Amino acid sequence: MNQNNRFTDSGIEINKVYTKEDLPSSLTKEMPGDFPFTRGVQADMYRGKLWTMRQYAGFSTAEESNKRYHYLLSQGVMGLSVAFDLPTQIGYDSSHELAEGEVGKVGVAIDSLEDMEQLFDGITLENVSTSMTINATGFILLAFYVALAKKQGADLKKISGTIQNDILKEYAARGTYIYPPKPSMRIITDIFEWCSKELPKWNTISISGYHIREAGSTAVQEIAFTLSNGKAYVKAALEKGLDINVFGKRLSFFFNAHNNLFEEVAKFRAARKMWATIMKDLGATDEKALMLRFHTQTGGATLTAQQPHNNICRVTIQTLAAVLGGTQSLHTNGFDEALSLPTENAARIALRTQQIVAFESGVTDTVDPLAGSYFIESLTNEVEQKAWQLIQKIDAMGGSVSAIEEGFMQNEIAKSSYDYQCNIESNQKIIVGVNKFTIDKEEAIPAFKIDDSIRQVQSNKLQNLKDKRNNQKATNSLKAIEAAAINNTNLMPVVIEAVENYCTLGEIADCLRKVFGEYK
């Protein structure tokens, strides 16, 4: 690396020293809690309430994941975050031939309401906030959760949590879609509409930059593409006649935290300012509908299989970036996740990292502690300006859906990913333990393994369920879903009725495949 030139990971040149002359001319005396919320969405931030400490967990069967949830809650986790296996994410029951080799591997297998009952056994849904990382089948998992809450006798007005429900980033970066973009957007606006009346504390979407970043984007691209997708969802809801001041309050975001500490802090501050401006331009007037609230997860792509204990240091830096940037919720990765799902020990260390930052570091004692830094304020401004330039390009294409259909986002992410890898291979970018400071013999780390017999266990449960349920009611429920899809009436009530009659996730997804087709 040329010692005279330094750049952030987004290619923004860094001055040797910053002075007040580098501060943006737009810098005002804005206070935390004031529009456009650059300094945070709450006036007192963590002095009033700490961020929600979540741990993303889910593996094998519902029963096994339930044990991990009880363990995490006993260790001080404040909210659960559910990982689902690939068949669940793309609408196949565990018994489907395409599910072979994937059941319970990257998350928990949920085929029916019966599985959801076992997943949350002994956990009162009114007392816990649950985030579910699910997109194409998000409406079905939400239906399972609502049906379970009703069985527990819960007041739906008190149920809180989030479904990711962000299908646009699946087309752009990740790939777990089922239906084409237009019917997928229709499902999402159905969820917005139903929840605004029936589940008012539920965050109906977590617009995700996380997976865009995991696919290789820069920090600037992460917020530009994510906020563009957010605009597309808001416009779709407005076209359906929904009130931006109602559904706007239940929108949330999901960002990545990487190792470039100051750029990450600047990214979060810029994103808040930009979203407030976007929502105001789209007609929002309620202050809460203008606020960008976000969950952060530390960077999975930054974890190394080489010298994995180094990942504890990386996760600590990323935790500081999220907290200094003003996150509302945080998941910290286990140090062993480049090798396998996290062991219980790694999950505990990850949680303790959050707790040490919260209670020992002092960074929560004042709001937006880096505000006024010549470097941070200048970098926040530069990140914002570069992100606006990308958003303007996307707007000129007709918005996110068009930009994705044209391959613009995918190509930009692929180019950034390629450039980053080239920089590592040429030693322009140093990754400790990978291309510098390596060791001859790696320490053996115990890996968390999932038994392939899980598929048979789930398949047996499915067969037993179908044998004992009222199959006439199940058939009628599926017909009602098909009719609602064709007639363009809200899908949520009929899907909830179907899961209450123990229709499976795969049956419901297939029912809509018949109407909407599949995206290829």
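This report concerns the structure included in the present document. Remember, predicted model here, so these are calculated numbers, not experimental data. For every chain, the first residue of its written sequence is number 1, and the numbers climb from 1 along that sequence. Reporting in this predicted model follows two pLDDT cut-offs: at least 70 for local features of residues, and 80 or more for side-chain atom pairs to be given and counted; totals over whole chains, interfaces and linings ignore these cut-offs and use all residues. Based on all heavy atoms of the structure, the side-chain values leave hydrogens and waters out of the count.

A word on the overall build of the protein. A run of DSSP states H or I qualifies as a helix once it reaches four residues; a run of E qualifies as a strand once it reaches two. Both are numbered from the N-terminal end. Across its full length, the protein carries 21 helices and 11 strands. Over its C-alpha trace the protein gives a radius of gyration of 23 Å, about what one expects of a compact globule, namely 24 Å for 520 residues. Exposure categories follow from relative accessible area, calculated using a 1.4 Å probe and restricted to protein chains: below 20% of the type maximum is buried, above 50% is exposed, and the middle band is partly exposed. Residues classed as buried in the protein amount to 57% of the 520 residues present. Whether two residues are in contact is decided by their heavy atoms, any of which lying within 4.5 Å being enough. Residue pairs at least 24 apart in sequence account for 79% of intrachain contacts in the protein once pairs closer than 6 positions are excluded. As displayed, the protein has an accessible area near 21,200 Å², and 49% of this comes from carbon and sulfur atoms. Of the side chains in the protein, 54 bear a positive and 62 a negative charge, and the two mean positions are spaced by 3 Å. Atoms counted for the radius of gyration: C-alpha only. Globule rule: 2.2 Å times the number of residues to the power 0.38. In short, Shrake-Rupley with a 1.4 Å probe defines the accessible areas, and a residue's cover is counted only from the protein chains shown. Charge assignment: positive for Lys and Arg, negative for Asp and Glu; neither His nor the chain ends contribute. The atom standing in for a charge is NZ when the residue is Lys, CZ when it is Arg, CG when it is Asp and CD when it is Glu.

Right, let's talk about the side chain of Arg-293 for a bit. Here Arg-293 lies in the loop between helix H12 (287-290) and strand E10 (294-298). Reaching out from Arg-293, the side chain makes a polar contact with the backbone oxygen of Lys-249 at a distance of 2.6 Å. The contact partners of Arg-293, leaving out residues within four places of it in the chain, are Asn-203, Lys-249, Arg-250, Leu-251, Ser-252, Phe-253 and Gln-328. Here a polar contact is taken to be a pair of N or O atoms separated by no more than 3.5 Å, where protein atoms must pair a possible hydrogen donor with a possible acceptor and residues adjacent in sequence count only if both atoms sit in side chains.

Attention shifts here to the sheet that holds strand E4 (residues 79-83). Strands were regarded as paired on the criterion that DSSP finds at least two bridges between them. The strand order across the open sheet formed by nine strands is E7-E6-E5-E4-E3-E11-E10-E9-E8, and the pairing between neighbours is parallel. Here the strands that pair on one side only, and so sit at the sheet edges, are strand E7 (202-203) and strand E8 (205-208). Every axis in this analysis is a line fitted to C-alpha atoms, fitted for helices over the stretch in contact. Angles between the N-to-C directions lie between 0 and 180 degrees. Each of strand E5 (129-133), strand E6 (161-163) and E7 touches helix H5 (residues 138-151); the most contacted strand, E5, lies at about 155° to it. The strands touched by helix H11 (residues 261-281) are strand E9 (251-257) and E10; relative to E9, the strand with the most contacts, the crossing angle is about 160°.

The next subject is the side chain of Ser-131. With respect to the helices and strands, the residue Ser-131 is situated in strand E5. Residue Ser-131 is classed as buried on the basis of its relative accessible area of 13%. Here Ser-131 is in contact with Arg-54, Leu-80, Ser-81, Val-82 and Thr-162, once residues within four sequence places are set aside.

Further remarks concern helix H15 (residues 374-397). To estimate how far a helix should extend, the number of its residues minus one is multiplied by 1.5 Å. Across its 24 residues, H15 extends 36 Å between first and last C-alpha, which sits within 8% of the 34 Å expected from 1.5 Å per residue. In the segment just after H15, Gly-398 is the residue with positive phi, at about 105°.

The next point concerns the environment of Gln-463. Along the chain, the position of Gln-463 falls in helix H18 (residues 454-468). Distance from Gln-463 to Ser-95, taken between C-alpha atoms, is 9.0 Å for residues 368 residues apart in sequence.

Looking now at the pattern of salt bridges. Any Lys or Arg side-chain nitrogen located within 4 Å of an Asp or Glu carboxyl oxygen qualifies as a salt bridge. Counted according to the given criterion, the structure contains 28 salt bridges. For Arg-513, the salt bridge is made with Asp-510, and the minimal N-O distance between the two is 2.7 Å. Taken together, the residues Arg-513 and Asp-510, both in helix H21 (residues 505-516) and three residues apart, mark about one turn of the helix. Since its relative accessible area comes to 11%, Arg-513 is described here as buried.

Here we take up the packing of aromatic side chains. Pairing of aromatic rings covers Phe, Tyr and Trp, the last counted by its six-membered ring, and requires centre-to-centre distances within 6.5 Å; plane angles under 30 degrees mean stacked, over 60 mean edge-to-face, and any other angle means tilted. By the definition in use, this model includes 20 aromatic pairs. With 6.2 Å between their ring centres and 80° between their planes, Phe-35 and Phe-37 make a pair best called edge-to-face. Relative accessible area serves as the criterion here: at 35%, Phe-35 is assigned to the partly exposed category. Look at Phe-37 and you get buried, because its relative accessible area is 0%. A connected cluster of aromatic rings, assembled from ring pairs, spans Phe-253, Phe-255, Phe-268, Trp-275 and Phe-294.

One can describe the packing of H5 onto helix H7 (residues 181-198) by two numbers: an axis separation of 11 Å at closest approach and a directional angle of 25°. Classified by the interaxial angle, the pair formed by H5 and H7 is roughly parallel. Contacts between H5 and H7 involve Phe-139, Leu-142 and Val-146 from the former and Ile-187, Ile-191, Trp-194 and Cys-195 from the latter. Geometric relationships in this document are graded by angle, where less than 35 degrees denotes roughly parallel, more than 145 denotes roughly antiparallel, 65 to 115 denotes roughly perpendicular, and other angles denote oblique.

Glancing now at a nonpolar patch on the surface. Each patch is built from salt-bridge-free residues with over 30% relative accessible area, joining like charges within 9 Å and nonpolar side chains (Val, Leu, Ile, Met, Phe, Trp, Tyr) within 5 Å. Taken together, the side chains of Ile-430, Val-432 and Phe-437 make up a nonpolar region of the molecular surface, amounting to roughly 270 Å² of accessible area. Relative to the elements of secondary structure, Val-432 occurs in the loop between helix H17 (408-425) and H18.

Only buried Ala, Val, Leu, Ile, Met, Phe, Trp, Tyr and Cys residues count toward a nonpolar core, and they belong to the same one when joined by side-chain atoms within 4.5 Å. In this structure, Met-116, Phe-120, Met-132, Phe-139, Ile-481 and Ile-508 are the most contacted members of the largest nonpolar core, which totals 141 residues. With 11 residues, H5 is the largest single contributor of residues to this core. Excluding anything up to four places from it in sequence, Phe-120 contacts Asn-66, Leu-80, Val-82, Leu-125, Thr-130, Tyr-145, Leu-148 and Gln-152.

Of all five residues that make up E4, five are buried, and the element is covered over most of its length. Where burial is concerned, the two faces of E4 agree: the one with Gly-79, Ser-81 and Ala-83 and the one with Leu-80 and Val-82 are both buried. In the sheet, E4 pairs with E5 via five bridges, with the strands oriented parallel. Bridge pairing in E5 places Ser-81 opposite Ser-131.

A word on H17. When the terminal C-alpha atoms of H17 are compared, their 26 Å separation across 18 residues agrees well with the 26 Å that a helix rising 1.5 Å per residue should span. Buried positions along H17 lie against helix H6 (168-174), helix H8 (210-214), helix H9 (219-239), H15 and helix H16 (400-405). A positive backbone phi angle near 65° is found at Asn-427, which sits one or two residues after H17.

In this section: the packing of H5 against helix H20 (residues 492-500). Helix packing geometry: the angle between the two helix axes and the distance between the axes. Relative orientation of the contacting elements H5 and H20 amounts to 65°, with a least axis distance of 9 Å. As for how H5 packs across H20, the hand of that crossing is right-handed. Contact with H5, carried on its side by Phe-139, Ile-140, Leu-142, Ala-143, Phe-144, Val-146, Ala-147 and Lys-150, involves Met-492, Val-495, Ile-496, Val-499 and Glu-500 of H20 and no other residues of that element. Considering only residue class, the contact of H5 with H20 consists of 11 nonpolar, no polar and two charged. Working rule for handedness: look at the near helix, and if it is turned counterclockwise from the far one by less than a right angle, call the crossing left-handed; if clockwise, right-handed. All amino acids are sorted into three groups, where Ala, Val, Leu, Ile, Met, Phe, Trp, Tyr, Cys and Pro are nonpolar, Asp, Glu, Lys and Arg are charged, and the leftover types, Gly among them, are polar.

Here E10 lies mainly inside the structure; five of its five residues are buried. Covered by surrounding structure in E10 are Phe-294, Thr-296 and Thr-298 together with His-295 and Gln-297, the residues of both alternating faces. Where E9 lies against E10, five bridges are found, and the strand directions are parallel. Note that in E10 the partner of Asn-256 across the bridge is Gln-297. As paired elements, E10 and strand E11 (residues 329-331) share three bridges and run parallel to each other. If you follow Thr-296 over to E11, its bridge partner there is Leu-330. For the handedness criterion, the β-α-β arrangement of E10, helix H13 (residues 310-324) and E11 is classed as right-handed. Here, the term right-handed applies to a crossover whose path from the first strand over the helix to the second runs clockwise when the strands point away from the viewer.

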